[in-house]
Amino acid sequence: MNAETIVKDRQELKDRSGLQQLLLSSSARKMPYEIVDPQNILYASSRYFDKAWTGNFGKQRTPFIYESEVLSSIARDNDEVRKSAIEKVAQELLERFKLYNYDDDSEMLFWSEIDESITKTSMSIFGAALQSIIAKYNDYTNVLCAVAKCLCSFDLEQTAEWGPMVLIALLNHKNETVKEYAVFLLENWEDRNLLPILRNLDCHATWLREYIDSVVIGLEG
């Protein structure tokens, strides 16, 4: 083995050992909205593999040493990024929801924040943030009503993965105003599959029961 071959092999080993650092470097993490959803993990990792391995070894080479380890690390990082994104979106939305005063003017205050959150992240992150708000601020009636109000602007299909869970949480709330807003949300979604939830809803106020009955009749028709 000549000196030139030894130098070349050492360089290849150096490049190969640096692959994991490349994939997990700060530059690779500065894309939270591209890898924040679990389904994007493999896409993101394969893209970085392509760049790193093509650049260092040529197209004939195939990554095999660090693949499982890197994918595992990316998955852990992805969980952390997702959690951080949910907390950030929840806090930003909460600040606007707290200003909701059951009128159109205060409602307008949170729409720009909602649009920005969905644009920067995803509906999945947005939904997780709403669920976090409901769990932590269950005694804030105006906040919960704001959650129901904002969801009225989305189709059920858009929120299919988490929307029904939010709806049920609001319907089961002890406050009748929150229940009313939740019924309004259900009515807005116009899905007959949700009728059993309404029929079995526990409420004592006559006005609310009359409203629920009218919604049931409307959806059945």
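Heads up: the structure comes first, above all this text.
The sections below set out a description of the structure shown in this document.

Reading the values: the criteria
Residues numbered from 1 in each chain as written. Predicted model: local features only at pLDDT ≥ 70, side-chain atom pairs only at ≥ 80, totals over all residues. Heavy atoms only, no water. Axes fitted to C-alpha atoms, helices over the stretch in contact; angles between N-to-C directions. Helix = DSSP H or I, 4+ residues; strand = E, 2+ residues; numbered from the N terminus. Left-handed = near helix turned anticlockwise from the far one by under 90°. Contact = heavy atoms within 4.5 Å. Nonpolar A, V, L, I, M, F, W, Y, C, P; charged D, E, K, R; others polar. Core = buried A, V, L, I, M, F, W, Y, C linked by side-chain atoms within 4.5 Å. Buried < 20%, exposed > 50% of the residue type's maximum accessible area, 1.4 Å probe, protein only. Arc of directions from axis to C-beta. Phe/Tyr/Trp six-rings, centres within 6.5 Å; stacked < 30°, edge-to-face > 60°.

1. Considerations on the packing of helix H11 (residues 163–171) against helix H12 (residues 176–189)
How two helices sit against one another is set out by the angle between their axes and by the gap between those axes.
So, point 1. For the pair H11 and H12, interaxial distance at closest approach is 8 Å and the crossing angle is 145°. For H11 against H12, the interelement crossing comes out left-handed. Contacts between H11 and H12 involve Gly163, Leu167, Leu170 and Leu171 from the first element and Val178, Lys179, Ala182, Val183, Leu185, Leu186 and Trp189 from the second.
So, point 2. For the contact of H11 with H12, the residue count by class is nine nonpolar, one polar and one charged.

2. Quick word on the nonpolar core
So, point 1. Judged by nonpolar contacts, the single largest core of 55 residues is most densely connected at Phe97, Ile114, Phe126 and Leu151.
So, point 2. Among residues more than four places away in sequence, those in contact with Phe97 are Phe110, Ile114, Leu130, Ile133, Asn142, Val143, Ala146, Val147 and Cys150.

3. With respect to helix H8 (residues 111–120)
So, point 1. All of the buried residues in H8 are Trp111, Glu113, Ile114, Ser117 and Ile118. Looking down the long axis of H8, one finds its buried residues gathered within 160° of arc, a one-sided arrangement.

4. Quick word on the packing of aromatic side chains
So, point 1. Using the criterion set out here, one finds nine aromatic pairs in the structure.
So, point 2. When the centroid spacing of 6.1 Å and the interplanar angle of 65° are considered together, the rings of Tyr102 and Tyr181 count as edge-to-face. You can see Tyr102 sitting in the loop between helix H6 (67–97) and helix H7 (104–107) and its partner Tyr181 sitting in helix H12, a full 79 residues away along the chain.
So, point 3. We classify Tyr102 as partly exposed; its relative accessible area is 37%.
So, point 4. Ring geometry for Tyr137 and Tyr140: centres 5.4 Å apart, planes at 75°, overall edge-to-face.

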